[in-house]
Amino acid sequence: DTEVTQTPKHLVMGMTNKKSLKCEQHMGHRAMYWYKQKAKKPPELMFVYSYEKLSINESVPSRFSPECPNSSLLNLHLHALQPEDSALYLCASSQDTKESQPQHFGDGTRLSIL
Amino acid sequence: QKEVEQNSGPLSVPEGAIASLNCTYSDRVSQSFFWYRQYSGKSPELIMSIYSNGDKEDGRFTAQLNKASQYVSLLIRDSQPSDSATYLCAVRFFNKFYFGSGTKLNVKP
């Protein structure tokens with residue numbers, strides 16, 4: 001079991017739906033990340049939050065909207081997604097953004113777009 | 001763009017052998033290096049971190065770092081079938097992690 005909890009584990013949605021992915025950690029980490037991972041590929045960084053502020057957006061389409069309500073929670077709001085957005089969405093956290101801190105990943109949400 | 005290169009494999013070793021996984025990176029400024037293991041359909045799991053030149057050992061795992069050559073490696077001693085997975089090398093540059101494409105390791109019983 002990981003200390004980064006992601007819900008739901010699986011999500012199937014139509015292209016017109018609105019849904020949200022949730023990520024929670026109680027390790028006191030102040031940096032949180034969203035990644036997208038396609039099969040047999042490495043994780044691709046989407047967003048970085050540092051001390052609850054968005055610090056990096058890797059030119060992600062606006063149909064993905066991140067939110068960090070507090071230091072323990074990270075959401076990813078989804079709207080009007082495309083079939084190519086089907087992937088494993090990983091949340092990760094690190095103690096802060098100092099160089100030496102590793103990331104710890106949640107189990108991911110497997111998203112399928114119909 | 002920071003480059004992290006790994007041989008995609010698959011790397012096949014017999015049970016009990018040493019598996020050697022290699023990674024090169026392009027950015028001389030990076031100071032933190034990590035190895036993650038990822039089983040099929042699962043999330044990456046941190047195995048080792050290394051920050052200084054030389055070797056760092058943890059159980060059956062040894063990470064090796066050579067900053068002059070921009071090279072980091074992972075040795076797995078006494079390989080077990082349960083070690084069969086994809087191993088991702090990650091290099092941290094400020095608050096970004098750059099991942100290699102991963103090396104698939106098969107340990108044959």
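Structure: above.
A brief look at the structure comes next. (Residues numbered from 1 in each chain as written. Chains lettered and ligands numbered in written order. Predicted model: local features only at pLDDT ≥ 70, side-chain atom pairs only at ≥ 80, totals over all residues. Heavy atoms only, no water.)

Some remarks on the nonpolar core
1) Next: Counting residues in hydrophobic clusters, the biggest one holds 25 residues, and the most contacted among them are B:Trp35, B:Val72, B:Leu74, B:Ile76 and B:Tyr87.
2) Next: Mapped onto this core, the elements with two or more residues apiece are strand E3 (19-25), strand E4 (32-38), strand E5 (45-50), strand E7 (61-66), strand E8 (71-76), strand E9 (85-93) and strand E11 (103-108) of chain B.
3) Next: Ranked by residue count, the leading element in this core is E9(B), at 5 residues.
4) Next: Judged by nonpolar contacts, the second largest core, of 22 residues, contains A:Leu11, A:Cys23, A:Phe64 and A:Leu111. (Core = buried A, V, L, I, M, F, W, Y, C linked by side-chain atoms within 4.5 Å. Buried < 20%, exposed > 50% of the residue type's maximum accessible area, 1.4 Å probe, protein only. Helix = DSSP H or I, 4+ residues; strand = E, 2+ residues; numbered from the N terminus.)

Looking at the interface of chain B and chain A
1) Next: Opposite the 21 residues of chain B that make contact, chain A presents 26 residues.
2) Next: When chain B packs against chain A, close to 1,700 Å² is buried across both sides, 53% of that on carbon and sulfur atoms.
3) Next: Inspection of the chain B/chain A interface yields 1 salt bridge.
4) Next: For B:Lys96, the salt bridge is made with A:Glu58, and the minimal N-O distance between the two is 2.9 Å. (Contact = heavy atoms within 4.5 Å. Buried area = accessible area lost by both parts, 1.4 Å probe. Salt bridge = Lys/Arg side-chain N within 4 Å of Asp/Glu carboxyl O.)

Section: the sheet that holds strand E6 (residues 54-58) of chain B
Residue and element names in this part refer to chain B.
1) Next: Judged by pairing direction, the sheet is antiparallel, and its 5 strands sit side by side in the order E1-E3-E8-E7-E6 without closing on themselves. Each end of this open sheet is capped by a strand with a single partner; those strands are strand E1 (4-6) and E6. Pairs of neighbouring strands in the sheet enclose a mean axial angle of 20 degrees, with direction left out of account.
2) Next: When E6 meets E7, the two strands line up antiparallel, connected through 5 bridges. Paired with glutamate 57 across the two strands is threonine 62, which belongs to E7. (Pairing = 2+ DSSP bridges. Axes fitted to C-alpha atoms, helices over the stretch in contact; angles between N-to-C directions.)

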